[in-house]
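# Reading the structure
Residue-level listing of the chains:
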Amino acid sequence: VALVLGPILGDDKVEVSDAELALETAHSLNLLPSWIRVLQLLQLSKYFGTLLMTIHGMVRDALRFFMVVSIFCFGFSCALTPVLYNQGEEREKHGLMWAFWTIVGDDSGIEKARSQVEGQRWGGLRYVTQCLLYTLALVANVLLVNLLIAV
């Protein structure tokens, strides 16, 4: 449908109209099932079928890895968010996803958390929180990423 209506509803303007955007979106979403169907046909090939089975195994292992990473980061995020952000508005603003950015090495979540640690009332809690943040950064950046490479 998008290929038939595209030339009819399309124009030469640089800006994309609503009709063009709707057609391009429909076409893009239809491409994914088409490529999945092509991959199913390639499974019948002796060469590509073996390659696809290997890729399937790699994707399955990567999904297991991301499950472990998600459990780890979500646990640290749930444990540290109430300690770091005392007010409800701060907790709502930062949410529970800030710890997931440590996987890709983004230090902005850790830096904001470290700045909140300095405002802690108790010295012992400040020390424990610093240790937990360090553990989160170390495990998420170094150990888990190396585990992904090793798998």
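Cut-offs applied
- Residues numbered from 1 in each chain as written.
- Predicted model: local features only at pLDDT ≥ 70, side-chain atom pairs only at ≥ 80, totals over all residues.
- Heavy atoms only, no water.
- Helix = DSSP H or I, 4+ residues; strand = E, 2+ residues; numbered from the N terminus.
- Expected span 1.5 Å × (residues − 1).
- Buried < 20%, exposed > 50% of the residue type's maximum accessible area, 1.4 Å probe, protein only.
- Phe/Tyr/Trp six-rings, centres within 6.5 Å; stacked < 30°, edge-to-face > 60°.
- Core = buried A, V, L, I, M, F, W, Y, C linked by side-chain atoms within 4.5 Å.
- pLDDT = per-residue confidence, 0-100.

### Focus: helix 3 (residues 46-84)
Its 39 residues give helix 3 an end-to-end C-alpha distance of 56 Å, which sits within 8% of 57 Å, the value for a rise of 1.5 Å per residue. Residues of helix 3 that are buried include every one of Gly49, Leu52, Gly57, Phe65, Val69, Cys73, Phe76, Ser77, Leu80, Thr81 and Leu84, and no others.

### Some remarks on the packing of aromatic side chains
Aromatic ring pairs: the centre-centre distance and the angle between the two ring planes describe each pair. By the definition in use, this model includes three aromatic pairs. Ring centres 5.0 Å apart and planes at 75° place the aromatic pair Tyr47 and Phe48 in the edge-to-face group. Between Phe72 and Phe76, the ring centres sit 4.7 Å apart and the planes meet at 45°, which makes this aromatic pair tilted. A residue pair is termed a helical-turn pair when its members lie 3 or 4 positions apart in one helix, as Phe72 and Phe76 do in helix 3 at four residues.

### As for the nonpolar core
Counting 17 residues, the largest nonpolar core has Cys73, Leu80, Leu84, Trp98, Ala113, Leu133 and Leu136 as the members making the most contacts within it. Within the residue set of this core, elements represented by two or more residues are helix 3, helix 5 (108-117) and helix 6 (123-150). Residue contributions to this core peak at six residues, all from helix 3.

### Examining the confidence of the model for the protein
Averaged over all residues, the pLDDT of the protein equals 79, while 87% of them reach at least 70. No element of the protein has a lower mean pLDDT than helix 1 (residues 2-9), which averages 66, and none a higher one than helix 3, which averages 85.

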